[in-house]
Every structure is written in C-alpha cells, then in structure tokens.
Amino acid sequence: MKKFIFYIVCINILISCKEKNNYKVLTPIVNFDVNDLEYRINDSFSKGDSRRYGVFPNQPISTKRMSNILDLAAKGLPITFPKGVYKSNLVFNGVSNVNLIFKEATICGAINIFDGSNKIKFSGQLTILDKLFIRKSSNIQFDTLLVKTDIVKNIYKKKNRGVSIYAGSKMISFKFLRIDDTGGVSEDHYKHSAAALQVHGWNDNPEYVYIANLEINNSDRTALYITGRGHQIGKGAIHNYGLGDSINMFGLEDAKPGEEKEFTGAWINRCNDCVIDTLAISSNVFAGKYSLRLDEGVYHTPTFINNVHFKSKAKELPIKTDELTNILVKNEY
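Residues numbered from 1 in each chain as written. Predicted model: local features only at pLDDT ≥ 70, side-chain atom pairs only at ≥ 80, totals over all residues. Heavy atoms only, no water.

A. Broad picture of the nonpolar core. Residues F81, F92, L100, F122, L132 and L197 are the most contacted members of the largest nonpolar core, which totals 68 residues. Aside from chain neighbours lying at most four places away, what touches L132 is I111, I113, F142, L145, G162, V163, S164 and F174. Membership of the second largest hydrophobic core comes to eight residues, among which are A195, Y225, A255 and W267. (Core = buried A, V, L, I, M, F, W, Y, C linked by side-chain atoms within 4.5 Å. Buried < 20%, exposed > 50% of the residue type's maximum accessible area, 1.4 Å probe, protein only. Contact = heavy atoms within 4.5 Å.)

Here is the structure:
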C-alpha cells in the first residue's frame, strides 16, 4: 500500500480553510415571446422544437438552418433537440443568453464555445462524438454530458478528442460528465489532445469549474490535467489511461516541456483553493507513468483531496509529488 507524504502548510490555515461552494453560475433569461416566423420551416412542430426550423435528427443538416436555430436561442427562446443523431458542429462565438434542451441527442461533431460567450445552458442529456472546447467564456452549464467515441457516426471518422476548458474560462458547471475512449495517436487530429479532460491556460487559468460527478475511461493519454483556481469535483473516477502515444503532441499550459508525455491518471498542477472530495484511479494494464501527480501551487491557498483510492495496476504505479506542492490528501481508502 502506498504511503502519502502530507504537505501540511500550517495548522491555522488548515483549520480556517472552508470547503464551500463558490459557484453562482448565472442562467440565461427565457423569452417565449420571440417572433420565430422568419425561421419557421415546418409549423406542425411547436415553437422551440428544432424540427420547426428544419433541423431534424438522423437527417442531413443545413449549416444555415443550424445557424438560424442558434440565432433564435440567443434571443432567449429555449430550443429543444429531440432524441437522435445530428451530423453537425455547434459553434458559439461571443453568444450569450442561450438555453438548449437535449432529449438524449447526439452531436456528431464538436461544441466550441469561444470568446465572450456567456450564460449558456445545456439541459438534459447530450452526447458529443468529437470534443468540447471552451475559451474565454463564462457561466456555462451542463446537466449530463457524455463524450463518446463512435468512428462510424463521428463526422471526422475518428475517436473523440475529449474536453478542453481553456484560458479565460470561468464558472463552468457539470452535474455529470463522462468521457470515454479519448484518442491520442500521432495524427495531427489529436495534436492538442494531451488529456481527456484538460483545464489549463497559462497566465489566464480557468476559475471555478464545478463537476459533481466525473468519469474518465480508457484515455489514450493523461486522463485528467487540471490547473487554475476555485475548482470543485465531487466524485471522480478514472479507469485506464496512457493507452496511446505522445508522438506529434503539443504540451500542456503550466507544464514543463516534455512533462506532457508522462501520462498520468490525475495530474493536479498550480491548482489553488480547489477541492476534490473523492478520487478513484484504476487501471487494468500497465500503462502511463504515474497514477497521481501532485504538482506545485500557492502554499497559502491549498488544494484538498479528501479521499483517494487506487485499484488494480494503478496501485503499482508511483505517485509524483513536487516539493512545492500545496495539495493535501486527507485519506486513502
């Protein structure tokens, strides 16, 4: 059984540190009075149904019609996507006040949320087959997000590229996030996918990312890489990682060149005032270099892992700790 070296900053800081929820994610304002006549294609469907505007599941999708739907959503009209497969990307660039409802819908491409987007809510169960990328955006909410691999339905015919929450992102929340079978081979397609879930952005790190329940399974590279401030993960489970290769892969922000190639189950780096309640790491194969990596941080804003557990081959891999780490692991179960 592994023994942890606990880095106790000082007793008074430990006693005074409160594990509180700082997440006050703003929600979009709903406006059912939006005039949608300009966008209506099929009036047999109710207002707000994607099919009313010509976007049907399991059918070819016009880029223009999908753009029309997002325009309507930005006016405050909640848009519902019925159950099925949508061969499209969703792009939000400087868009605010959007409420989308997914009835077990699958987006075969990516969801990209860019510069200045704010107050976007994804309700229901949504599956993405490529990637989720968020940059310089805030108040983004997901109920259930599944990132899966299906090379038949994926618009690029490749494995998914995971979730990247990048520089300038704040107040991002997930009730349930599961990422399965993230790719990581030498193709350019995976160049920026160094981890299945990567929360990073040098000199403008993400803040206040909240994940109530996180699962990462079968990542070709590192499973979880997290930097920033004020994050909270309730229950985290990682199973199998380091299954691919590091050829033609870009690095990770706040990591030294070359460290990204040392695949790890969970890598916490320059993470300040964060809390992970429960973290379980397991692996059925000897892959990756470390099970857990506890890197440096600001000593007076410590990060806590309340409970950690290692299973199967992950128990036999080392834990790497930096002498300047600010991470306290309270209990191994």
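Having seen it, we continue.
B. Geometry of the state of the cysteines. Here the structure, examined in full by the defined rule, presents zero disulfides. Between C274, a cysteine without a disulfide, and C271, which holds the nearest cysteine sulfur, the sulfur-to-sulfur distance is 3.4 Å. Since its relative accessible area comes to 4%, C274 is described here as buried. (Disulfide = S-S within 2.5 Å.)

C. Region of the structure containing the packing of aromatic side chains. If you walk through the whole model with that rule in mind, you get 10 aromatic pairs. On the numbers, 4.5 Å between centres and 5° between planes, the contact of F122 with F142 is stacked. With a gap of 20 residues between them, F122 in strand β6 (residues 118-128) and F142 in strand β8 (residues 138-147) connect regions that are remote in the sequence. Like F122, the residue F142 is buried in the burial classification. Members of the aromatic cluster, joined through ring pairs, are F81, Y86, F92, F102, F122, F142 and F174. (Phe/Tyr/Trp six-rings, centres within 6.5 Å; stacked < 30°, edge-to-face > 60°. Helix = DSSP H or I, 4+ residues; strand = E, 2+ residues; numbered from the N terminus.)

D. Layout of the side chain of E260. Its location among the elements puts E260 in the loop between β14 (232-239) and β15 (264-272). No salt bridge forms around the buried E260; measuring N to O, its nearest opposite-charge neighbour K261 is 5.1 Å away. One polar contact links the side chain of E260 to the main-chain amide nitrogen of G258, over a distance of 3.0 Å. Apart from the residues within four sequence positions on either side, E260 is in contact with M249, F250, G251, L252 and W267. (Lys, Arg positive; Asp, Glu negative; His and termini not counted. Salt bridge = Lys/Arg side-chain N within 4 Å of Asp/Glu carboxyl O. Polar contact = N/O pair within 3.5 Å; in protein donor to acceptor, adjacent residues only side chain to side chain.)

E. Spatial organisation of the pattern of salt bridges. This model, assessed by the stated rule, comprises 17 salt bridges. Linking D36 and R52 is a salt bridge whose minimum nitrogen-to-oxygen distance equals 2.7 Å. In this pair, D36 is assigned in the loop between α1 (11-16) and α2 (63-74) and R52 in the loop between α1 and α2, connecting sequence segments 16 residues apart. Of the residues examined, R52 reaches a relative accessible area of 10% and is grouped as buried. Of the charged contacts in the structure, one is a salt bridge between R161 and D130, with a shortest N-O distance of 2.7 Å. Taken together, the residues span a long stretch of sequence, with R161 in the loop between β8 and β9 (162-165) and D130 in the loop between β6 and β7 (131-134) at a distance of 31 residues. When sorted by exposure, R161 lands in the same class as D130, which is buried.

F. Representation of the pairing of strand β17 (residues 290-294) within the structure. By the criterion of burial, β17 is predominantly enclosed, with five of the five residues buried. The pairing of β17 with strand β19 (residues 319-321) spans three bridges and is classified as parallel. Across the sheet, L292 pairs through a bridge with I319, a residue of β19. (Pairing = 2+ DSSP bridges.)

G. Spotlight on α2. An ideal rise of 1.5 Å per residue puts 16 Å on 12 residues; α2 measures up with 17 Å between its terminal C-alpha atoms. All of the buried residues in α2 are M66, N68, I69, L70, L72 and A73. Looking at the buried residues of α2, the elements they touch are β1 (79-81), β3 (90-93) and β4 (96-107). Directly after α2, the chain includes G76, whose backbone phi takes a positive value near 105°. (Expected span 1.5 Å × (residues − 1).)

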